[in-house]
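Here is what each chain is made of, one letter per residue.
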Amino acid sequence: MLLDALAEKFHLYPPQLSEAPLKEDHVVDATVAGFKAAAAACGIRKDGREDLALIAAEKPVNAGAVFTQNKLAAAPVVVSRRHAASGKVRAILANSGNANAATGKPGLEACEKTVTAAAESLGCQPMEMQVCSTGVIGQVLDPDKIVKALPDLLAALSEDNLKSAAHAIRTTDVNMKMAQAKATVHGKEITLVGFCKGAGMIRPDMATMLAFILTDAAATSQALQTVVETAAKVSFNRITVDGDTSTNDTLLLLASGEAGNKELAANDPQLVGLAEAVVNICQELAAMIAADGEGAGHLVLVRVAGAPSREAAREYCYAVAHSPLCKTALASGDPYWGRFLSAIAAEAGRRGRPFEQEKCSVAIGDAVICEKGQWTGEQAESQCVEIMKKPRYAINIDLDYGPETYWLLTTDLDHDYVSLNIDYRS
């Protein structure tokens, strides 16, 4: 496929980690020609802040989408997945505070009522609406609150309101998450802006909780679908906070065509330029989600090399990233490399794969703490302790048992995660 080489590049070379604080807002003031946005408080959230966002194109635009792999797909995912088959989107309506998941027929009816009302207000077909929800699972969404807020929401639509929409979709997020990029295709400069929400229930296996990317490029729906699927694999599918895949995960890529470039087809070599920009935005947003992980104090890139297969490398990365023992070691700043190797060795045993301790090495940052399966001494340990005080760092594990590698971003686990989730519904 056209984008295979691009995907392989991002697979082999993980994103660079900055030394910026984990908990900081990322806000951009850029606009994207052909799109407007608005936000409103419609009373779904208990705290009374803005909880409803609308992102609207001036006309139906081409789009690509991927959705959650969780079998308990929320009502908005069921509806949006059906609508996405057309490849055309006029608007995205998204609420926070209520996921409208595990709500059966009443939840679907509530979702469809909001879609119908929004479509009538915009003068478009319901099939051209994408609808998204995030928040508490198991409670039916009150559609009347959304319908009542639509007039004010439409009146507030503005090219300058993307950041307001980005704020309105947040739930337990501490920080705003926005990114932008420029690229050139067919001699025309294109603009991209993306924003997302997510802090907990993060192991996307497709996208993230909610992520929307807007561009003024011209591209077919088929091309955009190829791009968004490629981008998800090397960004949102490479993060995990707690190992739970959300019921509401949605990633949407909308293209207005206002940049005036020749429309990009799925087999157009120039599509790589758009795809690389989308991947860069998705990787930035994905890192923001992991950095904002509920209670997280550290963002850690886990990379496993020397695995017999790519699937094995992937499983070993997740074995480390999901182990409570490993995650609490990250929280304490303890370079307990034995836990990392033990998690991988246990996974190898479950899968019936070979594992040889004397082949393995472990490095935290640029400090090698284990070489050929043995501790390298107090000096290396002290170096690792200092590295683990940083908000972001990498752990590299080489098994020396094959040619394949994999990487992902994860977080530590401490008391704050437990406290936050104990109090989430109260």
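Residues numbered from 1 in each chain as written. Predicted model: local features only at pLDDT ≥ 70, side-chain atom pairs only at ≥ 80, totals over all residues. Heavy atoms only, no water.

1. As for the pattern of salt bridges
At step 1: Counted under the stated rule, the structure contains 20 salt bridges.
At step 2: In this structure, Lys 390 and Glu 19 form a salt bridge, with 3.7 Å as the shortest nitrogen-oxygen distance. Of the two residues, Lys 390 is situated in the loop between helix 11 (378-387) and strand 14 (392-398) and Glu 19 in the loop between helix 1 (4-12) and strand 1 (35-40); the sequence distance between them amounts to 371 residues.
At step 3: A relative accessible area of 60% places Glu 19 in the exposed class.
At step 4: Three or more residues are tied together by salt bridges with common partners; here these are Glu 315, Glu 347, Arg 350, Arg 351 and Arg 353. (Salt bridge = Lys/Arg side-chain N within 4 Å of Asp/Glu carboxyl O. Helix = DSSP H or I, 4+ residues; strand = E, 2+ residues; numbered from the N terminus. Buried < 20%, exposed > 50% of the residue type's maximum accessible area, 1.4 Å probe, protein only.)

2. Some details on the sheet that holds strand 8 (residues 239-240)
At step 1: Taken in spatial order, the 7 strands line up as 8-15-10-14-11-12-13 in an open sheet, and their pairing is mixed. Edge positions in the sheet fall to strand 8 and strand 13 (374-375), since each has one partner strand and no second.
At step 2: Alignment of strand 8 against strand 15 (residues 404-411), held across 2 bridges, turns out to be parallel. From the neighbouring strand, Thr 240 faces strand 15, where its bridge partner is Thr 410.
At step 3: In the packing of helix 7 (residues 271-291) onto the sheet, the strands contacted are strand 8, strand 10 (299-307), strand 14 and strand 15, and the crossing angle to strand 15 comes to about 50 degrees. (Pairing = 2+ DSSP bridges. Contact = heavy atoms within 4.5 Å. Axes fitted to C-alpha atoms, helices over the stretch in contact; angles between N-to-C directions.)

3. Examining helix 1
At step 1: Residues of helix 1 that are buried include every one of Leu 6, Phe 10 and His 11, and no others. Viewed end-on, helix 1 has its buried residues packed into an arc of 140 degrees, placing them on one side of the element.
At step 2: Residues of helix 1 that are buried in the fold lie against helix 7, helix 8 (310-322) and strand 15. (Arc of directions from axis to C-beta.)

4. Some thoughts on the packing of aromatic side chains
At step 1: All chains considered together, the criterion is met by 1 aromatic pair.
At step 2: Ring geometry for Phe 195 versus Phe 212: centroids 5.6 Å apart, planes at 85 degrees, classification edge-to-face. One end of the pair, Phe 195, is in strand 6 (residues 188-197); the other, Phe 212, is in strand 7 (residues 210-215), and 17 residues separate them in sequence.
At step 3: Given the relative accessible area of 1%, Phe 212 is considered buried.
At step 4: The ring of Phe 10 carries Lys 9 above its face, with NZ or CZ at 5.1 Å from the centroid.
At step 5: When the ring centre of Trp 407 is taken as origin, the NZ or CZ atom of Arg 238, which lies over that ring, is 4.8 Å away. (Phe/Tyr/Trp six-rings, centres within 6.5 Å; stacked < 30°, edge-to-face > 60°. Lys NZ or Arg CZ within 6 Å of the ring centre and 35° of its normal.)

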